[in-house]
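Below, each chain spelled out in residue letters.
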Amino acid sequence: MKSIKIPSLISSVVLNALTGIEGMEFTLLDRCPYCNGEVRYHDMRKKRFATVIIDGEKKIINVLVTRYYCKNCGKLCYAQAPFYPNTKFGSPVIDLCLTLARAHPFNHSARILQEMGVVVDRGTIRNFFSRDIPEVSYAKIYGLSIPLSIFYLSDLASKRQQSRLVTQEDVLKVCGFPSTKELFQKEE
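Thresholds, definitions, all that
Residues numbered from 1 in each chain as written. Predicted model: local features only at pLDDT ≥ 70, side-chain atom pairs only at ≥ 80, totals over all residues. Heavy atoms only, no water. pLDDT = per-residue confidence, 0-100. Helix = DSSP H or I, 4+ residues; strand = E, 2+ residues; numbered from the N terminus. Contact = heavy atoms within 4.5 Å. Pairing = 2+ DSSP bridges. Expected span 1.5 Å × (residues − 1). Buried < 20%, exposed > 50% of the residue type's maximum accessible area, 1.4 Å probe, protein only. Arc of directions from axis to C-beta.

### Observations regarding the confidence of the model for the protein chain
Point 1. For the protein chain, the average pLDDT comes to 91, and 93% of its residues sit at 70 or higher.
Point 2. Mean pLDDT values for the elements of the protein chain range from 46 in helix α7 (residues 180-187) up to 97 in strand β3 (residues 57-70).
Point 3. Counting interchain partners and residues more than four positions distant, the pLDDT-below-50 stretch residues 182-188 has seven contacts.

### Concerning the pairing of strand β5 (residues 138-141)
Point 1. Two strands pair when backbone bridges link them, and β5 and strand β6 (residues 144-147) are joined in this way by four bridges, in the antiparallel orientation. Of the residues in β6, the one forming a bridge with Tyr 138 is Pro 147.

### Some remarks on helix α5 (residues 148-161)
Point 1. Here α5 is 14 residues long and its end C-alpha atoms lie 20 Å apart, about the 20 Å a rise of 1.5 Å per residue gives.
Point 2. By the burial criterion, the buried members of α5 are Ser 149, Ile 150, Leu 153, Ser 154, Leu 156 and Ala 157. All buried residues of α5 lie within an arc of 165° about the axis, which places them on one face of the element.
Point 3. Packing partners of the buried residues in α5 comprise α1 (8-19), β2 (39-54), α2 (91-101), β6 and α6 (168-174).
Point 4. Ser 163 lies just past α5 and shows a positive phi near 60°.

Following this line, the structure appears as structure tokens:
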């Protein structure tokens, strides 16, 4: 099998983006997304954001997402977090998979990701195509399509590493998710 060479700049930007929000908490939810009812705190869940390879070892990058209980309909609902509905990877990982797979076969996309230090198998990449996931903006760097969410998230991660304040709203915005204010303004 022929080796794939990925410029270290790309790998470091991607890994910085995906590891940079490790342990971040997502708590924003004003109302129930099902019935618009009042919600109350239920618990906080650890969710896998990405699986990466650092120094030859697999590492799971987790974030914490609050779950709320709706007083009206009784459903459990998650706070806003950078995840597409019913997916088990953070949205920037999925964005990266989809932009690569638009130009390369699924198995080759999985190998490119592996060389970048991101663990996603070809079957999972193929499954992302059956989901209702919006098109993402990207830039071509060294011939590879890299989603802008990765670049923006990498920038936020660098700020966070410098002990500068990075909010959950900042992360949601760079990942392409509207704020709760924007969501409810659209509904009214």
